[in-house]
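This is what each chain is made of:
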Amino acid sequence: MGTTSDEMVSVEQNSSPSPSSSLNPLCFECGQQHWTRENHLYNYQDEVDDDLVCHICLQPLLQPLDTPCGHTFCYKCLRNFLQEKDFCPLDRKRLHFKLCKKSSILVHKLLDKLLVFCPFSSVCQGVMQRCELEAHLRNRCPGASHWRVALEKRKTNKAETEIENESSSTVIDPLSTLSSETDDCSGTGTVPTERNSTLACFPTWTEDPGLDNPAFEENSGADSAQQPLSLPEGEITTIEIHRSNPYIQLGISIVGGNETPLINIVIQEVYRDGIIARDGRLLAGDQILQVNNYDISNVSHNYARAVLSQPCSTLHLTVLRERRFGNRAYNHSDGGSLREEIFHVVLHKRDSSEQLGIKLVRRTDEPGVFILDLLEGGLAAQDGRLSSNDRVLAINGHDLKHGTPELAAQIIQASGERVNLTIARPGKAQPGQTVRDAGTHSTSQHHSQPPSYNRPSSHKDLTQCVTCQEKHITVKKEPHESLGMTVAGGRGSKSGELPIFVTSVPPHGCLARDGRIKRGDVLLNINGIDLTNLSHSEAVAMLKASAASPAVALKALEVQIVEDATQTSEEQPSTFSENEYDASWSPSWVMWLGLPSSLHSCHDIVLRRSYLGSWGFSIVGGYEENHANQPFFIKTIVLGTPAYYDGRLKCGDMIVAVNGLSTVGMSHSALVPMLKEQRNKVTLTVICWPGSLV
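The structure reproduced in this document is the subject of the present report. Because the structure is predicted, anything quoted here is derived from the model rather than measured.

## Description of the sheet that holds strand S5 (residues 115-117)
Right, on to step 1. Strand order in this open sheet of 3 strands is S1-S5-S6, and the pairing throughout is antiparallel. Of all strands in the sheet, those bounded by a partner on one side alone are strand S1 (43-44) and strand S6 (127-129).
Right, on to step 2. Of the strand pairs in this sheet, S5 and S6 are connected by 3 bridges, and their pairing is antiparallel. When the sheet's bridge partners are listed, Phe-117 is paired in S6 with Val-127.

So this is what it looks like as structure tokens:
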């Protein structure tokens, strides 16, 4: 989906760029940074009528095209969509790009007259029609003129700039969603970080070949952007990520961990211009199984985050991507397939309690149970006949062609000392064959062996991992003395519907002297005023107004994540320490999960489809005998499906109701058929928390 204007941080937010700042390429026409394949970005003054909005990018139309079936989309949005599909995004009627026509002159005039702000709003308060912005930036805008002068200075000293770019760190767009809404609640009138976050949102170097539009220069190669290389689907793959500065952030957020039903670590978002985004192979929904020599397929969320945050120049990631619909390498039918090898494996346990050492998973694109991994040294690994991606058709005669991993586990536990597995294996390349990706320096290798570093861990309940303690604090201070803390969040914030939380408590302030308010605390109330339903700006105004009071009463929630006591210090990965006073700090995803339900904010997502395929997402969780009552989570979203094209569901979202029916106490085996029975429309009530930034 396209990036909406309020989710982008534009060049307006830094009013004093200097030659030492990182100067990023800006589009000649709109004055903001975007990829050539994407549309221009504008900051609109008023809400735009829905009839003038493209239903692919959800932005006001640019270069509008009419389809034969009566719909209108942006030129680039429709072109990019039809490069992969052959139907209209709305009614799914067969569609060819050459049959689309330019919209009427009237539509173009209405769009041209939309009022937009100058992107350099800190130095230029201009409001003009959209069609006039390019001339304004070229001839009249002082901010654009200042920026061009700074860029010219950089060009005269290119060698020095390259050294700066190589050594400086990258702060990726996700923190603009948190730190851009971080304010210093000092009551001294400091400019919010939101006004100063532009340069932190993009890479500090500009020689990236994927970025086509140089600063304020016409670009004639709009269609020359290379398609990112992709990973094989439905297979475990290892890739290498290289970074010149080992401390540069990866630019992804993650969800999952063995304290949740997700178990695995899943990428929730890949942020533009990060290391991972520029590599181009990983996508949201990919599961990360191993990082260098650390197996993170069954570890706590914070452990996995620490492993991924370790500084290194070369990162080896072992990942799994679900197979998309319409792209199956083989066909699973009840009678088998000519391209499948069907065979039996009999494993003999020394006693009935011995584990086989097999990790089973379900997939979103086809029914059944699949082997994800084998435990190193386990019974199945020692036998040597099973491998990852094998499909389990039956266990001891019990048909599992449409079964679940939970059912398979129950059958294995009840099977005694002899387990007879019926396995289907697709035809594929020889094991261990290395496939070199064209045009890249790294390799992809199919793994038939388990990771070399393994930390098996049992599933834990969320209630055992997060503790919340309410605290009431009265702080006495000098009149007009600032509280001395920075906060982020708020209802309707760019990160989602979040409560107000503390990102830092700088030293020498009254709260730092008091010592009871800490980073990560959720603020509930100040001087009797409820903060839980306020927007970010409203809450900050309340906090700053308290500066005039000689005493401030705060009610806060201290949220702590309880680490696994069995995880010894030797097992902990070594990471560089965080700055306790860094206002751009962001909480762990698990912290949000532990908040009381009174702080949860639900919203409805309506998915529609015109064919009887899958909705395109997989779920985990539910009421199970061994895990008690766990929430339902979205685990993966498959490319080319209704959930993928809708764009609002994210991995890690919690499903609390389906068509108004609460999922609390519902089993997994009850919810899955309910979702499949919905024909053309389903309403999901979800809670969305931002993933942990890596």
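## Re the pairing of strand S31 (residues 654-658)
Right, on to step 1. S31 sits mainly inside the fold: 4 of its 5 residues count as buried.
Right, on to step 2. Pairing between S31 and strand S33 (residues 681-687): 4 bridges, direction antiparallel. Bridging across to S33, Ala-657 finds its partner in Thr-685.
Right, on to step 3. Note that S31 and strand S32 (residues 661-662) share 2 bridges and pair antiparallel. Paired with Val-658 across the two strands is Leu-661, which belongs to S32.
Right, on to step 4. Two successive antiparallel strands, S31 and S32, enclose a turn made up of 2 residues, where Asn-659 displays a positive phi of approximately 50 degrees.

## Some details on unusual backbone geometry
Right, on to step 1. Of note, the phi angle at Leu-58 is positive, near 60 degrees, even though the residue is not glycine.
Right, on to step 2. For Ile-263, which is not glycine, the phi dihedral falls at a positive 60 degrees.
Right, on to step 3. Relative to the helices and strands, Ile-263 is located in the loop between strand S9 (252-256) and strand S10 (265-270).
Right, on to step 4. Residue Ile-263 is classed as buried on the basis of its relative accessible area, which comes to 18%.

## Some details on the packing of aromatic side chains
Right, on to step 1. Per the counting criterion, the structure on display carries 9 aromatic pairs.
Right, on to step 2. Relative to Phe-87, the ring of Phe-81 has its centre 5.7 Å away and its plane inclined at 80 degrees; by these criteria the two rings are edge-to-face.
Right, on to step 3. Members of the aromatic cluster, connected to one another through ring pairs, are Phe-81, Phe-87, Tyr-644 and Tyr-645.
Right, on to step 4. The aromatic ring of Tyr-42 is capped on one face by Arg-130, whose charged end is 5.6 Å from the ring centroid.

## Observations regarding helix H8 (residues 301-308)
Right, on to step 1. Among the 8 residues in H8, 8 count as buried, and that is most of the element.
Right, on to step 2. For H8, every residue scored as buried is listed here: His-301, Asn-302, Tyr-303, Ala-304, Arg-305, Ala-306, Val-307 and Leu-308.

## What about the nonpolar core?
Right, on to step 1. With 38 residues, the main nonpolar core has Cys-54, Leu-78 and Phe-120 as its most contacted residues.
Right, on to step 2. For this core, the secondary-structure elements that each account for two or more residues are strand S3 (72-74), helix H1 (75-82), helix H3 (133-139) and helix H4 (142-156).
Right, on to step 3. The element best represented in this core is H1, accounting for 4 residues.
Right, on to step 4. Discounting chain neighbours no more than four positions away, the residues touching Cys-54 are Gln-59, Leu-61, Thr-72, Phe-73, Cys-74 and Cys-77.

## A short note on the pattern of salt bridges
Right, on to step 1. Going through the model one piece at a time under the given rule, you end up with 14 salt bridges.
Right, on to step 2. Arg-94 serves as the salt-bridge partner of Asp-86, at 3.4 Å between the closest nitrogen and oxygen.
Right, on to step 3. Residue Asp-86 is classed as partly exposed on the basis of its relative accessible area of 37%.
Right, on to step 4. On the basis of relative accessible area, Arg-94 is assigned to the exposed category, the value being 70%.
Right, on to step 5. Glu-134 serves as the salt-bridge partner of Arg-138, at 3.5 Å between the closest nitrogen and oxygen. Here Arg-138 and its partner Glu-134 are both found in helix H3, 4 residues apart, which amounts to about one turn of the helix.
Right, on to step 6. Look at the salt bridges and you will find they share partners, linking Lys-471, Lys-518, Asp-521 and Glu-558 into a network.

## Some words on a negative patch on the surface
Right, on to step 1. A cluster of acidic residues, Glu-47, Asp-49, Asp-50 and Asp-51, forms a negative patch at the surface.
Right, on to step 2. When you line up the elements, Asp-49 lands in the loop between S1 and strand S2 (64-66).

Here is what the cut-offs are and how they apply
- Residues numbered from 1 in each chain as written.
- Predicted model: local features only at pLDDT ≥ 70, side-chain atom pairs only at ≥ 80, totals over all residues.
- Heavy atoms only, no water.
- Pairing = 2+ DSSP bridges.
- Helix = DSSP H or I, 4+ residues; strand = E, 2+ residues; numbered from the N terminus.
- Buried < 20%, exposed > 50% of the residue type's maximum accessible area, 1.4 Å probe, protein only.
- Phe/Tyr/Trp six-rings, centres within 6.5 Å; stacked < 30°, edge-to-face > 60°.
- Lys NZ or Arg CZ within 6 Å of the ring centre and 35° of its normal.
- Core = buried A, V, L, I, M, F, W, Y, C linked by side-chain atoms within 4.5 Å.
- Contact = heavy atoms within 4.5 Å.
- Salt bridge = Lys/Arg side-chain N within 4 Å of Asp/Glu carboxyl O.
- Patch = residues over 30% accessible without salt bridge, like charges linked within 9 Å, V, L, I, M, F, W, Y side chains within 5 Å.
- Areas by Shrake-Rupley, 256 points an atom, 1.4 Å probe, with all protein chains shown as cover.
- Lys, Arg positive; Asp, Glu negative; His and termini not counted.
- Charge placed at Lys NZ, Arg CZ, Asp CG, Glu CD.

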